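# Tertiary structure, described
Chain by chain, the residues:
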Amino acid sequence: MLAHYLKDIRWYTIVLAFFLYALSSWWLLDWADEEALTGWPNFLYFLVVTSSTVGYGDLSPATEAGRYVVSLFVIPVGLSLFALILGRAAAWVSNQWFKGVKGLKQLHLLNHILVIGWNGQRTLHLLNLLLRERQHAPDHQEIVLCVRAEIDNPMPDEIEFVRVESFNQDADMDKACIGDAAVIIIDNPDDDMTMTSALYANQRNPEGHILAYFHDESLARLLQKHCPNVECTPSVAVEMLAKSAFDPGSSLLHHDLLSVEEGQAQYSTRVPALPKPLSVGQVFRQMKARYDATLIGLADGGKHIELNPKSERLLNEGEKLYYIAVHRIGLIDWEAMYAE
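Residues numbered from 1 in each chain as written. Predicted model: local features only at pLDDT ≥ 70, side-chain atom pairs only at ≥ 80, totals over all residues. Heavy atoms only, no water.

Per an unreviewed UniProt entry, the recorded name for the protein is Two pore domain potassium channel family protein, and the organism is Bowmanella dokdonensis.

For the rest of this paragraph, the subject is the overall build of the protein. Broken down by element type, the protein carries 12 helices and 10 strands. Relative to the globule expectation of 20 Å for 340 residues, the C-alpha radius of gyration of the protein, 31 Å, shows a markedly less compact shape. Structurally, the protein occupies a C-alpha span of about 100 × 50 × 35 Å along its principal axes. Taking all contacts inside the protein whose residues are at least 6 apart in sequence as the whole, residues at least 24 apart take part in 63%. As displayed, the protein has an accessible area near 20,200 Å², and 59% of this comes from carbon and sulfur atoms. With 27 positive and 42 negative side-chain charges, the protein shows a spacing of 4 Å between the two charge centroids. (Helix = DSSP H or I, 4+ residues; strand = E, 2+ residues; numbered from the N terminus. Rg over C-alpha atoms; globule rule 2.2 N^0.38 Å. Contact = heavy atoms within 4.5 Å. Areas by Shrake-Rupley, 256 points an atom, 1.4 Å probe, with all protein chains shown as cover. Lys, Arg positive; Asp, Glu negative; His and termini not counted. Charge placed at Lys NZ, Arg CZ, Asp CG, Glu CD.)

Leu-114, Ile-116, Ile-184 and Leu-223 are the most contacted members of the largest nonpolar core, which totals 29 residues. Taken together, the elements giving at least two residues each to this core come down to strand S1 (113–116), strand S2 (143–147), strand S4 (183–186), helix H8 (191–204), strand S5 (209–214) and helix H9 (217–226). Sort the elements by how many residues they give to this core and H8 lands first, with four residues. In this structure, Leu-223 is in contact with Met-195, Ala-198, Leu-199, Ala-212, Phe-214, Val-230 and Cys-232, ignoring residues within four places of it in sequence. (Core = buried A, V, L, I, M, F, W, Y, C linked by side-chain atoms within 4.5 Å. Buried < 20%, exposed > 50% of the residue type's maximum accessible area, 1.4 Å probe, protein only.)

UniProt feature "domain: Potassium channel" (unreviewed entry): in the numbering of this structure it lies at residues 16–94. This span, residues 16–94, is 77% helix and 0% strand, and a straight line between its end C-alpha atoms measures 24 Å. (UniProt positions renumbered as here; feature names shortened; annotations may be inferred.)

Another point: the side chain of Lys-175. Residue position: Lys-175 is located in the loop between helix H7 (170–173) and S4. Here Lys-175 is buried and forms no salt bridge, its nearest opposite-charge partner Asp-172 lying at an N-O distance of 5.1 Å. Side-chain polar atoms of Lys-175 contact the backbone oxygen of Arg-163, separated by 3.3 Å. Beyond its immediate sequence surroundings of up to four residues, Lys-175 is in contact with Gly-103, Leu-104, Lys-105, Gln-106, Leu-107, Val-162 and Arg-163. (Salt bridge = Lys/Arg side-chain N within 4 Å of Asp/Glu carboxyl O. Polar contact = N/O pair within 3.5 Å; in protein donor to acceptor, adjacent residues only side chain to side chain.)

What follows covers unusual backbone geometry. At Asp-33, a residue that is not glycine, the phi angle is positive and equals roughly 60 degrees. Position of Asp-33 relative to the elements: it lies in the loop between helix H2 (11–31) and helix H3 (35–38). A positive phi angle, close to 55 degrees, is found at Asp-292, a residue other than glycine. When you line up the elements, Asp-292 lands in the loop between helix H12 (280–291) and strand S8 (294–299). Taking the relative accessible area as the measure of exposure, Asp-292 reaches 45% and is therefore partly exposed.

The strand order S3-S2-S1-S4-S5-S6 describes an open sheet built from six strands, whose pairing is parallel. Edge positions in the sheet fall to strand S3 (160–163) and strand S6 (231–234), since each has one partner strand and no second. Pairs of neighbouring strands in the sheet enclose a mean axial angle of 20 degrees, with direction left out of account. Where S1 lies against S4, four bridges are found, and the strand directions are parallel. Counted as the bridge partner of Val-115 is Ile-185 from S4. Helix H6 (residues 121–135) rests against S1, S2, S4 and S5 of the sheet, and its axis sits at about 165 degrees to S2. Most of the contacts of H8 go to S5, to which it runs at about 170 degrees, and overall it touches S4 and S5. (Pairing = 2+ DSSP bridges. Axes fitted to C-alpha atoms, helices over the stretch in contact; angles between N-to-C directions.)

Inspection of every chain in the model, using the stated rule, returns four aromatic pairs. Centre to centre, the rings of Phe-18 and Phe-19 are 6.4 Å apart; their planes meet at 75 degrees, and the pair counts as edge-to-face. Classification of Phe-19 by relative accessible area gives exposed; the value is 56%. Relative to Tyr-21, the ring of Phe-18 has its centre 6.2 Å away and its plane inclined at 50 degrees; by these criteria the two rings are tilted. Of this pair, Phe-18 and Tyr-21 both sit in helix H2, three residues apart, which is roughly one turn of the helix. On the basis of relative accessible area, Phe-18 is assigned to the partly exposed category, the value being 29%. One Lys or Arg, Lys-276, reaches over the ring of Tyr-338 and ends 4.9 Å from the middle of that ring. (Phe/Tyr/Trp six-rings, centres within 6.5 Å; stacked < 30°, edge-to-face > 60°. Lys NZ or Arg CZ within 6 Å of the ring centre and 35° of its normal.)

So, on to the UniProt feature "transmembrane region" (unreviewed entry) in the protein. Within the UniProt annotation, "transmembrane region" (unreviewed entry) is assigned to residues 9–28, 40–57 and 69–93. Within the segment residues 40–57, helix and strand shares are 56% and 0% respectively, and the terminal C-alpha atoms sit 17 Å apart.

Glancing now at the confidence of the model for the protein. Confidence along the protein averages 84 in pLDDT terms, with 91% of residues attaining 70 or more. Mean pLDDT across the elements of the protein bottoms out in helix H1 (residues 2–8) (56) and peaks in S1 (94). (pLDDT = per-residue confidence, 0-100.)

A word on the sheet that holds strand S10 (residues 320–325). Spatially, the four strands line up as an open sheet ordered S7-S10-S8-S9, and their pairing is antiparallel. Lying at the two open borders of the sheet, with one neighbouring strand each, are strand S7 (265–270) and strand S9 (305–307). Going across the sheet, the axis of each strand differs from the next one's by a mean of 30 degrees, ignoring polarity.

In structure tokens:
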């Protein structure tokens, strides 16, 4: 019965018991005329050192009554409370770790990257790529994996993890803070599940950057028709085969541009407000000279991407500039772009 009671005891009860213990100890020591032990902060120091059995010995009872109080009340009761507090704290930490590994913990995040779905090694590869990209990104965004599969957190020291019953239930997806995510990546083994998850994510977070991977390109077109702000990524394996048949090495080239593990990779940056007009040709030459990077395309506020833009084309504020470089350029000196 005692063990059951101690297991279910609340924190406020433990705190109250400690204050009653401290008050009783001070009253008994004062009754024993232990003036050196009842003054502040000597009393707090003596109580903590004694109840935790550290016992430095620099403060100790001087009277016979004081020794009885310390040996029969302060030490045994304090040791019991100290062990109870330490045990409950350790159990709480262990429980939080367990809930994090099992995906049962409620997260509290903002502007994070949310990955919805589990595809085994493919999802692990995606997470590793996201972690590598994050190393050179200006904002250190948290990465959250949300799954329905019966698995534990595959990267407990690097990402957050949430396990849910459904990808379209508010109570489940609120645990992953879907409404506050900056980027939502949806990649499920089944395209139908990807479709419903994307529709739900668009309804919960219309301002977020939503990416969805489809095996069937017709479903990608259907989703973009109803949710134009969702960026759909169809499988391009067949296109790569056809391209490589006439231009050998094309598949390796595109793989290298997408990968951040080795060689050149593709990155992007926003065009800020410029003091005067700036052409593509100026930016192309200065990025190559100063950062050894190659400008390859521009995107306006919509979905249209202009590859290999004309040299005389002027840049506009807010456009996205795509370039190839060894690493992401952390801070671009736009004033230097006007130099010839």
